[in-house]
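An overview of the molecular structure
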Amino acid sequence: MVHQYKNNGYNIVLDVNSGSVHVVDDMVYDIIALYEKMPLDTIVEELENKYPENDIREAYSEIEQLKEAGQLFTEDIYENYIDAFKDRPTVVKALCLHIAHDCNLACRYCFAEEGEYHGRRALMSFEVGKKALDFLVANSGSRKNLEVDFFGGEPTMNWEVVKQLVEYGRSIEEANNKKFRFTLTTNGILLNDEILEFANKEMSNIVLSIDGRKEINDLMRPTRNGHGSSYDIIMPKFKKVAESRNQMNYYVRGTFTHNNLDFSKDVLHLADEGFEQISVEPVVAQPTDSYAIREEDIPYLCEQYDMLAKELVKRKKAGNGFNFFHFMIDLNGGPCVAKRLSGCGSGCEYLAVTPWGDFYPCHQFVGNEKFLMGNVDEGITRTDIREEFKNSNVYSKEKCKKCFAKFYCSGGCAANSYNFHGNINDAYDIGCELQRKRIECAIMIKAALAED
Ligand code: SF4
Ligand code: SF4
(Lines give C-alpha, C1' and ligand atoms only; values in the text may rest on other atoms or scores of the structure.)
(Ligands and ions follow the chains in the order given, each with its own letter.)
Protein backbone atom coordinates (compact mmCIF):
# COMPACT_ATOMS: atom_id res chain seq x y z
CA MET A 1 0.00 0.00 0.00
CA VAL A 2 1.33 3.41 -0.99
CA HIS A 3 0.05 6.72 0.34
CA GLN A 4 1.08 9.88 -1.44
CA TYR A 5 0.27 13.48 -0.61
CA LYS A 6 1.52 17.04 -0.97
CA ASN A 7 2.21 19.11 2.10
CA ASN A 8 4.07 22.39 2.64
CA GLY A 9 5.65 22.15 -0.82
CA TYR A 10 6.84 18.56 -0.43
CA ASN A 11 5.66 15.62 -2.55
CA ILE A 12 5.66 12.77 -0.08
CA VAL A 13 5.30 9.06 -0.82
CA LEU A 14 4.87 6.66 2.09
CA ASP A 15 5.27 2.97 1.45
CA VAL A 16 3.01 1.81 4.25
CA ASN A 17 4.23 -1.75 4.74
CA SER A 18 7.95 -1.03 4.78
CA GLY A 19 7.57 2.39 6.40
CA SER A 20 9.84 3.93 3.74
CA VAL A 21 9.28 7.60 3.06
CA HIS A 22 10.31 9.20 -0.24
CA VAL A 23 10.32 12.90 -1.01
CA VAL A 24 10.06 13.12 -4.79
CA ASP A 25 9.69 15.60 -7.64
CA ASP A 26 6.42 16.17 -9.51
CA MET A 27 7.21 13.70 -12.28
CA VAL A 28 8.07 10.78 -10.00
CA TYR A 29 5.04 11.65 -7.89
CA ASP A 30 2.77 11.43 -10.93
CA ILE A 31 4.33 8.19 -12.18
CA ILE A 32 3.96 6.50 -8.78
CA ALA A 33 0.27 7.45 -8.79
CA LEU A 34 -0.17 5.57 -12.09
CA TYR A 35 2.34 2.77 -11.54
CA GLU A 36 -0.06 0.06 -10.42
CA LYS A 37 -2.88 1.12 -12.70
CA MET A 38 -1.27 0.82 -16.13
CA PRO A 39 1.83 -0.34 -18.01
CA LEU A 40 4.80 1.91 -18.74
CA ASP A 41 3.79 2.79 -22.32
CA THR A 42 0.37 3.98 -21.19
CA ILE A 43 1.97 6.03 -18.43
CA VAL A 44 4.19 7.67 -21.04
CA GLU A 45 1.12 8.50 -23.13
CA GLU A 46 -0.66 9.92 -20.09
CA LEU A 47 2.22 12.14 -19.01
CA GLU A 48 4.01 13.04 -22.25
CA ASN A 49 2.48 16.51 -22.36
CA LYS A 50 3.96 17.25 -18.96
CA TYR A 51 7.39 15.57 -19.03
CA PRO A 52 9.92 14.35 -21.69
CA GLU A 53 9.50 10.67 -22.56
CA ASN A 54 13.10 9.74 -21.71
CA ASP A 55 12.80 11.26 -18.28
CA ILE A 56 9.60 9.33 -17.64
CA ARG A 57 11.21 6.03 -18.65
CA GLU A 58 14.28 6.72 -16.53
CA ALA A 59 12.20 7.63 -13.47
CA TYR A 60 10.06 4.53 -14.01
CA SER A 61 13.12 2.34 -13.89
CA GLU A 62 14.24 4.01 -10.65
CA ILE A 63 10.83 3.28 -9.18
CA GLU A 64 11.25 -0.37 -10.17
CA GLN A 65 14.62 -0.43 -8.40
CA LEU A 66 13.02 0.92 -5.24
CA LYS A 67 10.39 -1.77 -5.52
CA GLU A 68 13.04 -4.46 -5.82
CA ALA A 69 14.89 -2.99 -2.85
CA GLY A 70 11.74 -3.39 -0.73
CA GLN A 71 11.08 0.33 -0.38
CA LEU A 72 8.05 0.81 -2.57
CA PHE A 73 4.90 -1.23 -3.31
CA THR A 74 5.93 -3.77 -0.68
CA GLU A 75 3.78 -6.59 0.60
CA ASP A 76 2.27 -6.61 4.07
CA ILE A 77 4.41 -9.00 6.11
CA TYR A 78 2.71 -8.26 9.40
CA GLU A 79 -0.60 -9.88 8.57
CA ASN A 80 1.09 -13.31 8.59
CA TYR A 81 2.43 -12.52 12.00
CA ILE A 82 -0.98 -11.89 13.48
CA ASP A 83 -1.72 -15.43 14.74
CA ALA A 84 1.58 -15.62 16.60
CA PHE A 85 0.81 -12.16 17.89
CA LYS A 86 -2.56 -13.27 19.27
CA ASP A 87 -0.94 -16.27 20.99
CA ARG A 88 1.66 -14.17 22.79
CA PRO A 89 1.66 -14.61 26.57
CA THR A 90 -0.39 -12.02 28.39
CA VAL A 91 1.72 -9.86 30.65
CA VAL A 92 0.62 -6.74 32.43
CA LYS A 93 3.10 -3.91 31.93
CA ALA A 94 1.27 -0.89 33.22
CA LEU A 95 -1.38 0.18 35.70
CA CYS A 96 -3.32 3.39 35.93
CA LEU A 97 -4.07 3.81 39.64
CA HIS A 98 -7.13 5.91 40.32
CA ILE A 99 -5.70 7.20 43.52
CA ALA A 100 -8.51 9.71 44.03
CA HIS A 101 -11.96 9.71 42.56
CA ASP A 102 -12.32 13.28 43.60
CA CYS A 103 -11.24 16.51 41.99
CA ASN A 104 -10.73 20.15 42.88
CA LEU A 105 -11.64 21.44 39.43
CA ALA A 106 -14.89 21.09 37.51
CA CYS A 107 -13.70 20.56 33.93
CA ARG A 108 -16.63 20.49 31.57
CA TYR A 109 -15.36 17.65 29.36
CA CYS A 110 -14.14 15.45 32.21
CA PHE A 111 -14.80 11.76 31.43
CA ALA A 112 -14.41 11.23 35.17
CA GLU A 113 -17.39 13.53 35.78
CA GLU A 114 -15.44 15.90 38.01
CA GLY A 115 -13.66 12.95 39.56
CA GLU A 116 -16.72 10.98 40.56
CA TYR A 117 -16.70 8.42 37.75
CA HIS A 118 -20.43 7.72 37.59
CA GLY A 119 -21.00 7.65 41.30
CA ARG A 120 -18.81 7.40 44.25
CA ARG A 121 -16.21 9.83 45.42
CA ALA A 122 -13.42 7.79 46.94
CA LEU A 123 -9.75 7.76 47.78
CA MET A 124 -7.63 4.66 47.23
CA SER A 125 -6.27 3.18 50.44
CA PHE A 126 -2.65 2.11 50.79
CA GLU A 127 -3.84 -1.50 51.16
CA VAL A 128 -5.65 -1.48 47.81
CA GLY A 129 -2.72 0.24 46.07
CA LYS A 130 -0.27 -2.23 47.56
CA LYS A 131 -2.31 -5.17 46.28
CA ALA A 132 -2.40 -3.53 42.85
CA LEU A 133 1.40 -3.23 42.77
CA ASP A 134 1.73 -6.85 43.92
CA PHE A 135 -0.66 -7.90 41.14
CA LEU A 136 1.43 -6.01 38.60
CA VAL A 137 4.66 -7.63 39.74
CA ALA A 138 3.07 -11.10 39.78
CA ASN A 139 1.57 -10.72 36.30
CA SER A 140 4.41 -9.00 34.49
CA GLY A 141 6.36 -12.12 33.52
CA SER A 142 9.99 -11.41 32.75
CA ARG A 143 9.38 -7.75 31.96
CA LYS A 144 11.59 -5.56 34.12
CA ASN A 145 10.26 -2.02 33.66
CA LEU A 146 6.74 -1.53 34.98
CA GLU A 147 4.72 1.64 34.49
CA VAL A 148 2.42 3.00 37.17
CA ASP A 149 0.39 6.16 36.58
CA PHE A 150 -1.00 8.02 39.57
CA PHE A 151 -4.21 9.27 38.12
CA GLY A 152 -7.55 10.65 39.24
CA GLY A 153 -9.69 12.68 39.54
CA GLU A 154 -6.77 14.49 41.09
CA PRO A 155 -4.08 12.29 42.67
CA THR A 156 -2.58 15.03 44.82
CA MET A 157 -5.83 14.90 46.84
CA ASN A 158 -4.53 11.59 48.21
CA TRP A 159 -0.88 12.47 48.29
CA GLU A 160 0.14 10.57 51.42
CA VAL A 161 -0.98 7.31 49.80
CA VAL A 162 0.95 8.18 46.62
CA LYS A 163 4.10 8.56 48.69
CA GLN A 164 3.49 5.34 50.59
CA LEU A 165 2.93 3.41 47.39
CA VAL A 166 6.10 4.75 45.81
CA GLU A 167 8.00 3.70 48.93
CA TYR A 168 6.39 0.27 48.86
CA GLY A 169 7.09 -0.13 45.14
CA ARG A 170 10.77 0.73 45.62
CA SER A 171 11.00 -1.75 48.52
CA ILE A 172 9.96 -4.70 46.33
CA GLU A 173 11.93 -3.81 43.19
CA GLU A 174 15.18 -5.58 43.91
CA ALA A 175 13.79 -8.87 45.21
CA ASN A 176 11.57 -9.16 42.13
CA ASN A 177 14.04 -7.78 39.59
CA LYS A 178 11.62 -5.01 38.59
CA LYS A 179 11.90 -1.28 38.11
CA PHE A 180 8.86 0.93 38.58
CA ARG A 181 8.49 3.99 36.39
CA PHE A 182 5.96 6.22 38.12
CA THR A 183 3.99 9.00 36.42
CA LEU A 184 1.92 11.70 38.10
CA THR A 185 -0.94 13.30 36.18
CA THR A 186 -2.05 16.49 37.91
CA ASN A 187 -4.15 19.60 37.41
CA GLY A 188 -1.64 21.52 39.51
CA ILE A 189 -4.04 23.12 41.96
CA LEU A 190 -2.42 21.52 45.03
CA LEU A 191 1.07 21.35 43.60
CA ASN A 192 3.62 22.75 46.05
CA ASP A 193 7.35 22.57 46.69
CA GLU A 194 7.08 19.43 48.78
CA ILE A 195 5.11 17.58 46.09
CA LEU A 196 7.45 18.81 43.38
CA GLU A 197 10.54 17.74 45.24
CA PHE A 198 9.14 14.26 45.78
CA ALA A 199 7.93 14.02 42.18
CA ASN A 200 11.30 15.10 40.82
CA LYS A 201 12.97 12.39 42.84
CA GLU A 202 10.53 9.57 42.15
CA MET A 203 8.38 10.24 39.09
CA SER A 204 9.77 9.33 35.66
CA ASN A 205 7.19 11.60 34.13
CA ILE A 206 4.73 14.32 35.14
CA VAL A 207 1.69 15.17 33.07
CA LEU A 208 0.46 18.71 33.68
CA SER A 209 -3.10 19.42 32.60
CA ILE A 210 -3.64 22.83 31.01
CA ASP A 211 -5.54 23.69 27.84
CA GLY A 212 -3.56 26.66 26.53
CA ARG A 213 -4.61 30.32 26.45
CA LYS A 214 -6.03 31.64 29.70
CA GLU A 215 -9.54 32.26 28.40
CA ILE A 216 -9.68 28.82 26.78
CA ASN A 217 -8.29 27.03 29.81
CA ASP A 218 -10.63 28.80 32.21
CA LEU A 219 -13.67 28.22 30.04
CA MET A 220 -13.31 24.43 30.11
CA ARG A 221 -11.34 24.03 33.33
CA PRO A 222 -13.20 26.25 35.83
CA THR A 223 -12.58 26.16 39.55
CA ARG A 224 -15.17 24.31 41.62
CA ASN A 225 -16.72 27.41 43.14
CA GLY A 226 -16.54 29.28 39.85
CA HIS A 227 -14.35 31.98 41.40
CA GLY A 228 -10.90 32.78 40.15
CA SER A 229 -8.89 31.44 37.29
CA SER A 230 -7.37 27.97 37.34
CA TYR A 231 -4.86 29.22 34.73
CA ASP A 232 -3.54 31.85 37.14
CA ILE A 233 -3.12 29.26 39.87
CA ILE A 234 -1.36 26.60 37.82
CA MET A 235 0.70 28.45 35.21
CA PRO A 236 3.53 29.63 37.52
CA LYS A 237 3.66 26.19 39.13
CA PHE A 238 3.84 24.36 35.81
CA LYS A 239 6.66 26.60 34.63
CA LYS A 240 8.55 25.71 37.78
CA VAL A 241 7.97 21.98 37.15
CA ALA A 242 9.23 22.23 33.58
CA GLU A 243 12.37 24.16 34.56
CA SER A 244 13.11 21.98 37.58
CA ARG A 245 13.07 18.93 35.30
CA ASN A 246 15.32 20.62 32.72
CA GLN A 247 12.46 20.67 30.20
CA MET A 248 12.41 16.86 30.02
CA ASN A 249 10.34 14.01 31.37
CA TYR A 250 7.16 16.01 31.73
CA TYR A 251 4.55 17.37 29.40
CA VAL A 252 1.80 19.92 29.45
CA ARG A 253 -1.32 18.25 28.21
CA GLY A 254 -4.40 20.00 26.93
CA THR A 255 -7.65 19.16 25.24
CA PHE A 256 -9.23 21.18 22.46
CA THR A 257 -12.93 21.27 21.78
CA HIS A 258 -15.43 22.86 19.40
CA ASN A 259 -14.92 26.02 21.51
CA ASN A 260 -11.29 26.46 20.44
CA LEU A 261 -10.99 25.04 16.97
CA ASP A 262 -8.05 27.44 16.52
CA PHE A 263 -6.13 25.22 18.94
CA SER A 264 -2.80 25.86 17.19
CA LYS A 265 -2.85 29.18 19.10
CA ASP A 266 -3.09 27.24 22.36
CA VAL A 267 -0.15 25.04 21.42
CA LEU A 268 1.91 28.06 20.43
CA HIS A 269 0.85 29.90 23.57
CA LEU A 270 2.22 27.04 25.66
CA ALA A 271 5.42 27.06 23.59
CA ASP A 272 5.72 30.84 23.99
CA GLU A 273 5.35 30.44 27.74
CA GLY A 274 8.48 28.30 27.61
CA PHE A 275 7.15 24.73 27.59
CA GLU A 276 9.10 22.38 25.33
CA GLN A 277 7.01 19.21 25.75
CA ILE A 278 3.45 19.80 24.62
CA SER A 279 0.44 17.61 23.94
CA VAL A 280 -2.91 19.11 22.96
CA GLU A 281 -5.48 16.69 21.63
CA PRO A 282 -9.10 16.64 20.45
CA VAL A 283 -11.76 16.11 23.07
CA VAL A 284 -13.60 12.79 23.16
CA ALA A 285 -17.27 13.59 23.54
CA GLN A 286 -20.71 12.47 22.45
CA PRO A 287 -22.16 14.32 19.44
CA THR A 288 -24.83 15.75 21.76
CA ASP A 289 -22.23 17.62 23.81
CA SER A 290 -22.07 21.28 22.77
CA TYR A 291 -18.28 21.24 22.80
CA ALA A 292 -17.92 18.03 20.73
CA ILE A 293 -15.85 18.20 17.56
CA ARG A 294 -18.18 17.93 14.56
CA GLU A 295 -17.58 16.54 11.13
CA GLU A 296 -17.78 20.01 9.60
CA ASP A 297 -14.92 21.12 11.87
CA ILE A 298 -12.47 18.71 10.22
CA PRO A 299 -11.23 20.87 7.29
CA TYR A 300 -10.52 23.80 9.62
CA LEU A 301 -8.76 21.54 12.11
CA CYS A 302 -6.63 20.06 9.35
CA GLU A 303 -5.55 23.60 8.38
CA GLN A 304 -4.64 24.15 12.01
CA TYR A 305 -2.39 21.09 11.99
CA ASP A 306 -0.77 22.31 8.77
CA MET A 307 -0.11 25.75 10.27
CA LEU A 308 1.28 24.21 13.41
CA ALA A 309 3.54 21.85 11.48
CA LYS A 310 4.96 24.71 9.41
CA GLU A 311 5.56 26.82 12.49
CA LEU A 312 7.22 23.91 14.26
CA VAL A 313 9.62 23.41 11.35
CA LYS A 314 10.39 27.13 11.35
CA ARG A 315 11.05 27.19 15.09
CA LYS A 316 13.12 23.99 15.06
CA LYS A 317 15.27 25.38 12.26
CA ALA A 318 15.70 28.63 14.21
CA GLY A 319 16.77 26.69 17.30
CA ASN A 320 13.72 27.46 19.46
CA GLY A 321 11.64 24.38 18.71
CA PHE A 322 9.43 22.33 20.96
CA ASN A 323 8.02 18.82 20.86
CA PHE A 324 4.38 18.43 19.94
CA PHE A 325 3.53 14.88 20.91
CA HIS A 326 1.11 14.20 18.12
CA PHE A 327 3.71 15.03 15.51
CA MET A 328 6.27 12.69 17.00
CA ILE A 329 6.61 9.47 15.08
CA ASP A 330 9.54 7.19 14.62
CA LEU A 331 10.23 6.50 10.97
CA ASN A 332 13.31 4.39 11.70
CA GLY A 333 11.74 1.12 12.72
CA GLY A 334 9.31 2.64 15.17
CA PRO A 335 7.87 0.78 18.09
CA CYS A 336 7.92 -3.02 18.26
CA VAL A 337 5.61 -4.95 15.98
CA ALA A 338 3.13 -5.79 18.75
CA LYS A 339 2.80 -2.10 19.59
CA ARG A 340 2.41 -1.21 15.93
CA LEU A 341 -0.43 -3.67 15.59
CA SER A 342 -2.34 -3.10 18.77
CA GLY A 343 -1.44 0.28 20.23
CA CYS A 344 -2.09 1.24 23.80
CA GLY A 345 -2.53 -2.28 25.20
CA SER A 346 -5.64 -1.39 27.19
CA GLY A 347 -7.49 -4.33 28.76
CA CYS A 348 -4.51 -6.58 28.37
CA GLU A 349 -1.09 -5.06 29.05
CA TYR A 350 -2.53 -1.95 30.61
CA LEU A 351 -5.30 -1.80 33.21
CA ALA A 352 -7.00 0.87 35.27
CA VAL A 353 -7.58 0.25 38.99
CA THR A 354 -10.38 2.04 40.85
CA PRO A 355 -9.96 3.35 44.42
CA TRP A 356 -11.67 0.22 45.73
CA GLY A 357 -9.52 -2.13 43.64
CA ASP A 358 -11.62 -3.02 40.59
CA PHE A 359 -9.91 -3.53 37.22
CA TYR A 360 -11.10 -1.92 33.98
CA PRO A 361 -9.46 -1.91 30.52
CA CYS A 362 -8.45 1.76 30.94
CA HIS A 363 -9.56 4.97 32.62
CA GLN A 364 -12.12 5.67 29.89
CA PHE A 365 -14.04 2.49 30.73
CA VAL A 366 -14.08 2.97 34.51
CA GLY A 367 -17.63 2.93 35.83
CA ASN A 368 -19.05 0.95 32.89
CA GLU A 369 -19.92 -2.33 34.59
CA LYS A 370 -19.85 -4.20 31.27
CA PHE A 371 -16.09 -3.74 31.34
CA LEU A 372 -15.44 -4.68 34.97
CA MET A 373 -12.65 -7.25 34.58
CA GLY A 374 -11.83 -8.32 38.14
CA ASN A 375 -10.18 -6.84 41.19
CA VAL A 376 -6.98 -6.75 43.20
CA ASP A 377 -8.10 -9.65 45.42
CA GLU A 378 -9.25 -12.13 42.77
CA GLY A 379 -7.18 -10.95 39.79
CA ILE A 380 -8.70 -10.99 36.30
CA THR A 381 -12.02 -12.83 36.52
CA ARG A 382 -13.38 -11.82 33.10
CA THR A 383 -10.69 -13.29 30.90
CA ASP A 384 -13.14 -12.99 27.99
CA ILE A 385 -12.84 -9.20 28.16
CA ARG A 386 -9.06 -9.46 28.27
CA GLU A 387 -9.10 -11.76 25.21
CA GLU A 388 -11.35 -9.37 23.33
CA PHE A 389 -8.91 -6.51 23.91
CA LYS A 390 -5.89 -8.70 23.27
CA ASN A 391 -7.29 -9.77 19.91
CA SER A 392 -8.19 -6.27 18.87
CA ASN A 393 -5.63 -5.01 16.38
CA VAL A 394 -5.35 -3.26 13.04
CA TYR A 395 -6.38 -6.44 11.21
CA SER A 396 -9.47 -7.03 13.33
CA LYS A 397 -10.84 -3.65 12.25
CA GLU A 398 -12.12 -3.32 8.72
CA LYS A 399 -11.46 0.43 8.59
CA CYS A 400 -7.90 0.07 9.84
CA LYS A 401 -6.93 -2.69 7.40
CA LYS A 402 -7.35 -0.23 4.53
CA CYS A 403 -5.86 2.78 6.32
CA PHE A 404 -2.41 4.13 5.47
CA ALA A 405 -1.95 5.28 9.07
CA LYS A 406 -2.39 1.85 10.61
CA PHE A 407 1.18 1.18 11.71
CA TYR A 408 1.52 4.59 13.32
CA CYS A 409 -1.94 4.81 14.80
CA SER A 410 -2.12 1.11 15.72
CA GLY A 411 -5.88 0.98 15.39
CA GLY A 412 -6.95 3.96 17.42
CA CYS A 413 -8.62 4.15 20.76
CA ALA A 414 -10.84 1.29 21.92
CA ALA A 415 -12.77 3.62 24.19
CA ASN A 416 -13.55 6.02 21.37
CA SER A 417 -14.62 3.13 19.18
CA TYR A 418 -16.92 1.83 21.90
CA ASN A 419 -18.39 5.26 22.66
CA PHE A 420 -19.29 5.93 19.05
CA HIS A 421 -20.04 2.48 17.66
CA GLY A 422 -20.81 0.24 20.64
CA ASN A 423 -17.87 -2.09 20.09
CA ILE A 424 -14.11 -1.84 20.39
CA ASN A 425 -13.33 -3.09 16.88
CA ASP A 426 -14.55 -0.07 14.99
CA ALA A 427 -12.93 3.34 14.67
CA TYR A 428 -14.08 6.84 15.63
CA ASP A 429 -14.19 8.49 12.24
CA ILE A 430 -13.60 12.13 13.19
CA GLY A 431 -10.65 11.02 15.29
CA CYS A 432 -9.32 9.01 12.33
CA GLU A 433 -9.43 11.99 9.97
CA LEU A 434 -7.43 14.03 12.43
CA GLN A 435 -5.05 11.18 13.16
CA ARG A 436 -4.27 10.74 9.47
CA LYS A 437 -3.65 14.46 9.13
CA ARG A 438 -1.27 14.45 12.09
CA ILE A 439 0.71 11.59 10.60
CA GLU A 440 0.99 13.39 7.27
CA CYS A 441 2.24 16.48 9.08
CA ALA A 442 4.66 14.45 11.19
CA ILE A 443 6.23 12.91 8.09
CA MET A 444 6.45 16.30 6.38
CA ILE A 445 8.25 17.71 9.45
CA LYS A 446 10.81 14.89 9.30
CA ALA A 447 11.33 15.54 5.59
CA ALA A 448 11.73 19.28 6.14
CA LEU A 449 14.18 18.88 9.02
CA ALA A 450 16.20 16.26 7.15
CA GLU A 451 16.88 18.77 4.37
CA ASP A 452 19.42 20.80 6.34
S1 SF4 B 1 -6.71 6.30 11.73
FE2 SF4 B 1 -8.60 5.18 12.17
S3 SF4 B 1 -8.83 3.72 10.50
FE4 SF4 B 1 -6.70 4.44 10.50
S5 SF4 B 1 -5.58 2.93 11.70
FE6 SF4 B 1 -6.20 4.60 13.08
S7 SF4 B 1 -8.15 3.92 13.97
FE8 SF4 B 1 -7.75 2.67 12.15
S1 SF4 C 1 -8.39 2.73 24.91
FE2 SF4 C 1 -8.16 4.86 24.31
S3 SF4 C 1 -8.36 6.04 26.20
FE4 SF4 C 1 -7.97 3.91 26.76
S5 SF4 C 1 -5.74 3.81 27.02
FE6 SF4 C 1 -6.20 3.20 24.92
S7 SF4 C 1 -6.00 5.07 23.72
FE8 SF4 C 1 -6.18 5.67 25.88
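If you're wondering where the values come from, they're calculated on a predicted model, not measured in any experiment.

**A few points about the overall build of the chain**
Per the secondary structure count, the chain includes 17 helices and 16 strands. Against the globule reference of 22 Å for 452 residues, the chain gives a C-alpha radius of gyration of 24 Å, in line with a compact fold. Summarising its shape, the C-alpha atoms of the chain cover approximately 75 × 50 × 45 Å along the three principal directions. Long-range pairs, those at least 24 residues apart, make up 70% of the contacts in the chain between residues at least 6 apart in sequence.

**Some words on the nonpolar core**
Generally speaking, a soluble globular protein has its nonpolar side chains buried in company with each other. Among the nonpolar cores identified, the biggest contains 122 residues, and Leu97, Phe150, Met203, Ile278, Phe324, Phe327 and Phe365 are the most heavily contacted of them. Considering every element that reaches this core, the biggest residue donor is helix α17 (residues 429–450), with 9 residues. Apart from residues lying up to four places away in sequence, Ile278 is in contact with Tyr251, Val252, Val267, Leu270, Ala271, Phe322, Asn323, Phe324 and Phe325. Core analysis: the next-biggest nonpolar cluster, separate from the first, contains 20 residues, Met27, Leu34, Val44 and Ile63 among them.

**Details of the pattern of salt bridges**
Side chains that differ in sign of charge can pair as their charged atoms come close. In this structure the tally under the stated criterion is 31 salt bridges. Glu311 serves as the salt-bridge partner of Arg315, at 2.8 Å between the closest nitrogen and oxygen. Separated by 4 residues within a single helix, Arg315 and Glu311 lie in helix α11 (residues 298–318), roughly one turn from each other. Glu451 is the salt-bridge partner of Lys317, the closest N and O atoms lying 3.6 Å from each other.

**Observations regarding the sheet that holds strand β15 (residues 374–375)**
The sheet built from 11 strands is open, its strands ordered β12-β11-β10-β9-β8-β7-β4-β13-β14-β15-β16 with mixed pairing. The open sheet terminates on both sides in strands that have one partner only, identified here as β12 (323–324) and β16 (379–380). Across 4 bridges, the pairing between strand β4 (residues 94–98) and strand β13 (residues 350–353) is parallel. Across the sheet, Leu95 pairs through a bridge with Leu351, a residue of β13. Across the sheet, helix α10 (residues 264–272) lies against β10 (250–256), β11 (277–282) and β12, angled at about 165 degrees from β11, the strand it touches most.

**Description of the site of ligand 2**
Close to ligand 2 lie Cys344, Ser346, Tyr350, Cys362, His363, Gln364, Cys413, Ala414 and Ala415, which account for all nearby residues. When its residues are assigned to classes, the shell around ligand 2 shows 6 nonpolar, 3 polar and no charged.

**Re the packing of helix α5 (residues 126–138) against helix α6 (residues 159–176)**
For the pair α5 and α6, the least separation of the axes is 10 Å and the interaxial angle reads 30 degrees. As judged from the angle between their axes, α5 and α6 are roughly parallel. Handedness of the crossing formed by α5 with α6: right-handed. Every residue of α6 that contacts α5 at Phe126, Gly129, Lys130, Leu133, Asp134 and Val137 is listed here: Val161, Gln164, Leu165, Tyr168, Gly169, Ile172 and Asn176. Per-class residue counts for the contact of α5 with α6 are 7 nonpolar, 4 polar and 2 charged.

**Quick word on the site of ligand 1**
Around ligand 1, the neighbouring residues are Lys399, Cys400, Cys403, Lys406, Cys409, Gly411, Gly412, Ala427, Cys432, Gln435 and Arg436. For the shell around ligand 1, the elements supplying multiple residues, two or more each, are α14 (398–401), α15 (406–409) and α17. For the shell around ligand 1, the leading source of residues is α17, giving 3 residues. Along the lines of polarity and charge, the residues of the shell around ligand 1 split into 5 nonpolar, 3 polar and 3 charged.

**Notes on the packing of α10 against α11**
At a minimum axis separation of 9 Å, α10 and α11 run at an interaxial angle of 25 degrees. Here α10 is positioned roughly parallel relative to α11, judged by the angle of their axes. In contact with Ser264, Lys265, Val267, Leu268, Ala271 and Asp272 of α10, α11 contributes Gln304, Met307, Leu308, Glu311 and Arg315. Tallied by class, residues from the contact of α10 with α11 come to 5 nonpolar, 2 polar and 4 charged.

**Here we look at the pairing of strand β7 (residues 145–151)**
Note on strand geometry: in a regular strand, side chains alternate between the two faces of the sheet. Judged by how many residues are buried, β7 sits mostly within the fold: 5 of 7 residues are covered. Two strands pair when backbone bridges link them, and β7 and strand β8 (residues 179–186) are joined in this way by 6 bridges, in the parallel orientation. Directly across from Phe150, in β8, lies its bridge partner Leu184. Once you follow β7 into α6 and on to β8, the crossover reads as right-handed.

**Brief notes about the sheet that holds strand β3 (residues 20–24)**
Either a parallel or an antiparallel arrangement is found when strands of a sheet pair, and the pairing is made through backbone hydrogen bonds. With antiparallel pairing, 3 strands are arranged side by side in an open sheet as β1-β2-β3. Each end of this open sheet is capped by a strand with a single partner; those strands are β1 (2–7) and β3. Between one strand axis and the next, the sheet turns through 20 degrees on average, direction left out of account. Pairing of strand β2 (residues 10–15) with β3, which is carried by 5 bridges, proceeds in the antiparallel orientation. The residue bridging Val13 from the neighbouring strand is His22, located in β3.

**Let's talk about the packing of aromatic side chains**
A complete count under the given rule lists 19 aromatic pairs for this structure. With 6.2 Å between their ring centres and 55 degrees between their planes, Phe365 and Tyr418 make a pair best called tilted. Here Phe365 is found in the loop between β14 (358–360) and β15, whereas its partner Tyr418 is found in helix α16 (residues 414–421), with 53 residues between them in sequence. Ring-pair connections join several aromatic residues into one group, and the members of that group are Phe256, Phe263, Tyr305, Phe324 and Phe327. Positioned above the aromatic ring of Tyr29, the side-chain terminus of Lys6 is 4.5 Å from the ring centre.

**Describing the state of the cysteines**
On inspection of all chains with the given rule, the structure shows 0 disulfides. In this structure Cys302 is not part of a disulfide, and its nearest cysteine sulfur, from Cys441, lies 8.0 Å away.

Quick notes on the rules
Residues numbered from 1 in each chain as written. Chains lettered and ligands numbered in written order. Predicted model: local features only at pLDDT ≥ 70, side-chain atom pairs only at ≥ 80, totals over all residues. Heavy atoms only, no water. Helix = DSSP H or I, 4+ residues; strand = E, 2+ residues; numbered from the N terminus. Rg over C-alpha atoms; globule rule 2.2 N^0.38 Å. Contact = heavy atoms within 4.5 Å. Core = buried A, V, L, I, M, F, W, Y, C linked by side-chain atoms within 4.5 Å. Buried < 20%, exposed > 50% of the residue type's maximum accessible area, 1.4 Å probe, protein only. Salt bridge = Lys/Arg side-chain N within 4 Å of Asp/Glu carboxyl O. Pairing = 2+ DSSP bridges. Axes fitted to C-alpha atoms, helices over the stretch in contact; angles between N-to-C directions. Near = heavy atom within 4 Å. Nonpolar A, V, L, I, M, F, W, Y, C, P; charged D, E, K, R; others polar. Parallel < 35°, antiparallel > 145°, perpendicular 65-115°, else oblique. Left-handed = near helix turned anticlockwise from the far one by under 90°. Right-handed = clockwise from strand over helix to strand, strands pointing away. Phe/Tyr/Trp six-rings, centres within 6.5 Å; stacked < 30°, edge-to-face > 60°. Lys NZ or Arg CZ within 6 Å of the ring centre and 35° of its normal. Disulfide = S-S within 2.5 Å.

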